[in-house]
Amino acid sequence: MIPECPRSGETRSRTRVQHGPAAELRQDRSVSGLLSEIRSTIQAGPFTEHYTIIPGKELGRGKFAVVRKCVEKCTGHEYAAKFMRKRRKGQDCRMEIIHEIAVLELATASSRVVNLHQVYEMASEMVLVLEFAAGGEIFNQCVSDREDEAFREEDVKRLMKQILEGVAFLHQNDIVHLDLKPQNILLTSSSPLGDIKIVDFGLSRMICSHQELREIMGTPEYVAPEILNYEPISTATDMWSIGVLAYVMLTGISPFVGEDKQETFLNISQLNVSYTEEEVLQLDQAALSFIQMLLRKRPQDRATAEQCLKHPWLKSSDCQDTQTVEEIVLVKDKEASSTTSSSTSSPEPPSSATTPEEEEDGPVTEELIVMAAYTLGQCRQSSTSEKEALAAEQKAISKRFKFEEPFSALQEVPGEFIY
Ligand code: ADP
Ligand code: MG
């Protein structure tokens, strides 16, 4: 796999972009938000009777899945086969695989989501036979130092539009992806630069009006503040990740990544994002404004995917091959009485999508809040009693520390912790 790519001469403790493990934060196995019905006929193995696995050609690997290139024997067509273990950490996860299949089925109407061809089930694993995205992850271009390989702004605009079309489609159908990052955005070809395909619905969830989702999931650098705070998840949670994604695609820098997970989480919960890095200063105002209308702490203040598609930065693009918002097909019949467009699934548009700078909170001070580490501890708790126990502990250790660059000694800030 691609190694981590630290940025040389970094003054802040931030690296460019990491290819860290997916779903590192996943903690519980709540079944809420999972779809359980699928249309696909599950083929009984053996898989290799119908497909030839291309030897040595591993396309990717996660904690519980290996993706290999394969060729369907009867047609000669190439596919990506995602082999997924049914038991993970001693638990039966077949239901979660069924959910991933169901989401892929629901999304067949969107060309921006990878197509599911077939499903196989063996004794200990299931295989999702997916459309092969020959261009690989956009991660490769994000971290590339070679000018001919890295994205140009026009490329980012075109690809970002396509990502938003896919995400708008998912959100219209009450699906949140919850793991949007460069490793899960693939390309149909890399040279010439093709179209995007969104993959990996392993963490995705269905948002229901009658049930709040508060789960710990995602990948540290892309995770939204509400996930760290154990607050409700909504379509806006994905929009935060799109903001991070746009920043990364345009600059090659991961805006919140720290030396370790804890520092990354602190950066996120403090909204400690730099808009003064050299690479960011080179961006045009419209691109910056696009990012800033997504990297907002309050989910309801973030732009929706549809609002993003109308943003001047994307409107100014040369390319014409994208869909209009109206063309993004809505496949799911909304129940007339449904209240799924509640505040959790459809956050109010920001008061001004184009001038978010006006709403910034003034100068950002560098404050390391030690408390945040404990907040995280709370996130991991699932039972109320455990949470209460932890809250009591928090009160005992609430302290604020300030630091200045270059990093020296921590200086305690007296006074109440504002939380
Ligand atoms: P995980 O849940 O383990 O992250 P993913 O679905 O993200 O699994 O797949 C892991 C990796 O495999 C992806 O990041 C990508 O590099 C590769 N991959 C997945 N699906 C495809 C595909 N359809 N075509 C090409 N490569 C793929
Ligand atoms: Mg993945």
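All values reported here derive from a predicted model rather than from experimental measurement.

Asks: Got a minute to help me understand the sheet that holds strand β9 (residues 136-137) in this structure?
Replies: Picture the strands of a sheet paired through backbone hydrogen bonds; they go either parallel or antiparallel. On the basis of which strands lie adjacent, the open sheet formed by 3 strands has the order β9-β11-β12 and antiparallel pairing. Across the chains shown, the open sheet's two edge strands, defined by having one partner strand only, are β9 and β12 (196-198). Bridge analysis of β9 against strand β11 (residues 185-187) gives 2 bridges, and the strand direction is antiparallel. When the sheet's bridge partners are listed, E137 is paired in β11 with L186. Those strands touched by helix α3 (residues 153-172) are β11 and β12, and its axis lies near 30° from that of β12.

Asks: So what exactly am I meant to see when it comes to the sheet that holds strand β4 (residues 78-85) here?
Replies: Overall, mixed pairing links the 6 strands, which are arranged β1-β7-β8-β4-β3-β2 in an open sheet. Sheet topology places β1 (42-44) and β2 (51-61) at the edges, where each strand pairs with a single neighbour. Neighbouring strand axes in the sheet, compared pairwise and without regard to direction, differ in orientation by 30° on average. Note: β4 against strand β8 (residues 125-131), 7 bridges, orientation antiparallel. If you follow A81 over to β8, its bridge partner there is V129. Helix-sheet contacts for helix α1 (residues 94-106) involve β1, β4, β7 (116-121) and β8, and the interaxial angle to β8 is about 15°.

Asks: Help me understand the site of ligand 1, please; the structure alone is not making it clear to me.
Replies: Surrounding ligand 1, one finds 18 residues, the nearest of these being K82, E131, E137, Q183 and D200. Interatomic distance of 3.3 Å between a backbone N/O atom of G62 and an oxygen atom of ligand 1. Q183 places a polar main-chain atom, nitrogen or oxygen, 2.7 Å from an oxygen atom of ligand 1. If ligand 1 stood free it would expose 540 Å²; the protein chains cover 91% of that surface. Elements with a minimum of two residues in the shell around ligand 1: β2, β3 (65-72), β4 and β8. Of the residues belonging to the shell around ligand 1, the class tally is 10 nonpolar, 4 polar and 4 charged.

Asks: Explain the coordination of the magnesium ion (ligand 2) to me, please; I cannot follow it from the model alone.
Replies: Here the magnesium ion (ligand 2) is held by the protein donor atoms N184 (OD1) and D200 (OD), which lie 2.1 to 2.3 Å from it. Linking N184 in the loop between β10 (175-176) and β11 with D200 in the loop between β12 and β13 (205-206), this pair joins segments that are 16 residues apart in sequence. The buried category is assigned to N184, whose relative accessible area is 6%.

Asks: Help me understand the packing of aromatic side chains in this model?
Replies: Describing an aromatic ring pair means giving the distance of the ring centres and the angle of the ring planes. If you walk through the whole model with that rule in mind, you get 7 aromatic pairs. On the numbers, 5.4 Å between centres and 80° between planes, the contact of F47 with F83 is edge-to-face. Of this pair, F47 sits in the loop between β1 and β2 while F83 sits in strand β4; the two residues are 36 residues apart in sequence, bridging distant segments of the chain. The buried category is assigned to F47, whose relative accessible area is 2%. Plain terms: the ring middles of F290 and W313 are 4.9 Å apart, the flat faces sit at 50° to each other, and that makes the pair tilted. Taken together, the residues F290 in helix α8 (residues 285-292) and W313 in helix α10 (residues 312-315) connect sequence positions 23 residues apart. The class for F290 is buried, based on a relative accessible area of 0%. A residue is classified by how much of its surface remains accessible, and W313, at 0% relative accessible area, is buried. The rings of F47, Y51, Y79, F83 and Y120 are connected pair by pair, giving a single aromatic cluster.

Asks: So what exactly am I meant to see when it comes to the UniProt feature "binding site: ATP" (unreviewed entry) in the protein here?
Replies: Look at the UniProt record and you will see "binding site: ATP" (unreviewed entry) annotated at K82. In this fold, K82 is placed in strand β4. Residue K82 is classed as buried on the basis of its relative accessible area, which comes to 10%. Beyond its immediate chain neighbours, meaning those up to four positions away, K82 contacts A65, V66, V67, E100, M126, V127, L128, L130 and D200.

Reading guide: rules and limits
Residues numbered from 1 in each chain as written. Chains lettered and ligands numbered in written order. Predicted model: local features only at pLDDT ≥ 70, side-chain atom pairs only at ≥ 80, totals over all residues. Heavy atoms only, no water. Pairing = 2+ DSSP bridges. Helix = DSSP H or I, 4+ residues; strand = E, 2+ residues; numbered from the N terminus. Contact = heavy atoms within 4.5 Å. Axes fitted to C-alpha atoms, helices over the stretch in contact; angles between N-to-C directions. Near = heavy atom within 4 Å. Polar contact = N/O pair within 3.5 Å; in protein donor to acceptor, adjacent residues only side chain to side chain. Areas by Shrake-Rupley, 256 points an atom, 1.4 Å probe, with all protein chains shown as cover. Nonpolar A, V, L, I, M, F, W, Y, C, P; charged D, E, K, R; others polar. Donors = N, O, S within 2.8 Å, 3.2 Å for Na, K, Ca; no water. Buried < 20%, exposed > 50% of the residue type's maximum accessible area, 1.4 Å probe, protein only. Phe/Tyr/Trp six-rings, centres within 6.5 Å; stacked < 30°, edge-to-face > 60°. UniProt positions renumbered as here; feature names shortened; annotations may be inferred.

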